[in-house]
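# Summary of structural features
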Amino acid sequence: MRMKQLGRSDLQVSPFCFGGNVFGWTADETTSFALLDRLLDADLTFIDTANVYSRWVEGHKGGESETVIGNWLKSRGSRDKMIIATKVGADMGEGFTMAPAHIRECVDASLKRLQTDYIDLYQSHYDDPNTPFEDVLGTFQDLIKAGKVRAIGASNITGERLQSALEISEKHNLPRYNSLQPLYNLYDRKDYETTLEPVVSANQVGVIPYYTLAAGFLTGKYRSEKDLGISPRGNRVGTSYLNARGLKILEAMDQVAERYSVTVAQIAVAWMMAQPSITAPIASATKIEQLEELIKATQLTLDQDALDVLNKASA
């Protein structure tokens, strides 16, 4: 597997990142271990999670995904083979905050659940305008010096705020955000391409977008309102993607998928991997068969004609 540098950091990551939000939620520990085993076997060693996964589930308190990953790392002895990314800043009962004390408390909790001494990529899950970047980045600096974190990144932040954070890092000699985790896929293009892509491209920031499959819509399994009951994500698909533009995109994806004799989901991932500013798109699976489809997608290269068809339909 050809590895890619993440921003200006020392991290070398696989060109596809597995979304660990499913671990301990829609994938139990046995299934999660099987998924992780297959990912390692395929040299797809970049895993993204967050301390808040899966707090939204009744009876969960957050940390379930990290716990499953930690149990797997311990049982397989594979920590040095994996790049583990997690996040801090989502509501864990104290609201959305990147206050220094909160970061310090949460990083130790994540380390304990992950059963590791260090986190490869520690990300601010949400931008916190109430906490100065100097305080946030200064806290991250302390964690890096302590050996708890290797590199830092940001998620859910505007281009203007990301640019500001990068300038403050340079001015005050503080750690810089070497990755961005934005919403981006064949359907959700405008915000990233107009406000974020110029910033990351100019500043050599790696990009690991979430919702590569648009909550499952870009797998092609939701094509009418009757399909929305297939999974818990159906409601989001119905309100966000199941419209004339969405169906036009699926039609183009069908055309390209038929030409390559692959699935629509594989086309969605391959299109993302073809974008110059993207380091590693994030997608998840709850079954081995779904994961095999994603693995095949990482081996698919779309030609310019295919990219033109997809770009025109999703413009």
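All values reported here derive from a predicted model rather than from experimental measurement.

## Comments concerning the pairing of strand β8 (residues 177-181)
The buried fraction of β8 is high, at 5 of 5 residues. Where strand β7 (residues 149-155) meets β8, 3 bridges bridge the pair, whose relative direction is parallel. Within the sheet, the bridge partner assigned to Ser155 lies in β8 and is Gln181. For the segment spanning β7, helix α5 (residues 159-172) and β8, crossover handedness is right-handed. With helix α6 (residues 190-203) bridging β8 and the parallel strand β9 (residues 206-207), this β-α-β connection has right-handed handedness.

## Regarding the sheet that holds strand β6 (residues 119-124)
Strand order across the open sheet formed by 8 strands is β9-β8-β7-β6-β5-β4-β3-β10, with parallel pairing between neighbours. Of all the strands in the sheet, the pair left with one neighbour each is β9 and β10 (282-283). Judged from the 3 bridges that link them, strand β4 (residues 46-48) and strand β5 (residues 83-88) form a sheet pairing that is parallel. Directly across from Ile47, in β5, lies its bridge partner Ile84.

## A look at the packing of helix α1 (residues 29-41) against helix α2 (residues 64-76)
Between two packed helices, the angle of one axis relative to the other and the distance separating the axes together describe the packing. Closest axis-to-axis distance for the α1/α2 pair is 10 Å, and the angle between their directions is 60°. Taken together, α1 and α2 sit at an angle that is classed as oblique. The crossing of α1 and α2 is right-handed. Seen from α1, the contacting residues are Glu29, Ser32, Phe33, Leu36, Asp37 and Leu40; seen from α2, they are Val68, Asn71, Trp72, Ser75 and Arg76. Here the residues of the contact of α1 with α2 sort into 5 nonpolar, 3 polar and 3 charged.

## Here's the deal with the packing of helix α4 (residues 133-145) against α5
Their axes nearest at 10 Å, the elements α4 and α5 cross at an angle of 60°. In this structure, the crossing between α4 and α5 has a hand that is right-handed. Packed against α4, whose contacting residues are Phe133, Glu134 and Leu137, the element α5 presents Arg161, Ser164, Ala165, Ile168, Ser169 and His172 at the interface.

Rules used in this analysis
Residues numbered from 1 in each chain as written. Predicted model: local features only at pLDDT ≥ 70, side-chain atom pairs only at ≥ 80, totals over all residues. Heavy atoms only, no water. Buried < 20%, exposed > 50% of the residue type's maximum accessible area, 1.4 Å probe, protein only. Helix = DSSP H or I, 4+ residues; strand = E, 2+ residues; numbered from the N terminus. Pairing = 2+ DSSP bridges. Right-handed = clockwise from strand over helix to strand, strands pointing away. Axes fitted to C-alpha atoms, helices over the stretch in contact; angles between N-to-C directions. Parallel < 35°, antiparallel > 145°, perpendicular 65-115°, else oblique. Left-handed = near helix turned anticlockwise from the far one by under 90°. Contact = heavy atoms within 4.5 Å. Nonpolar A, V, L, I, M, F, W, Y, C, P; charged D, E, K, R; others polar.

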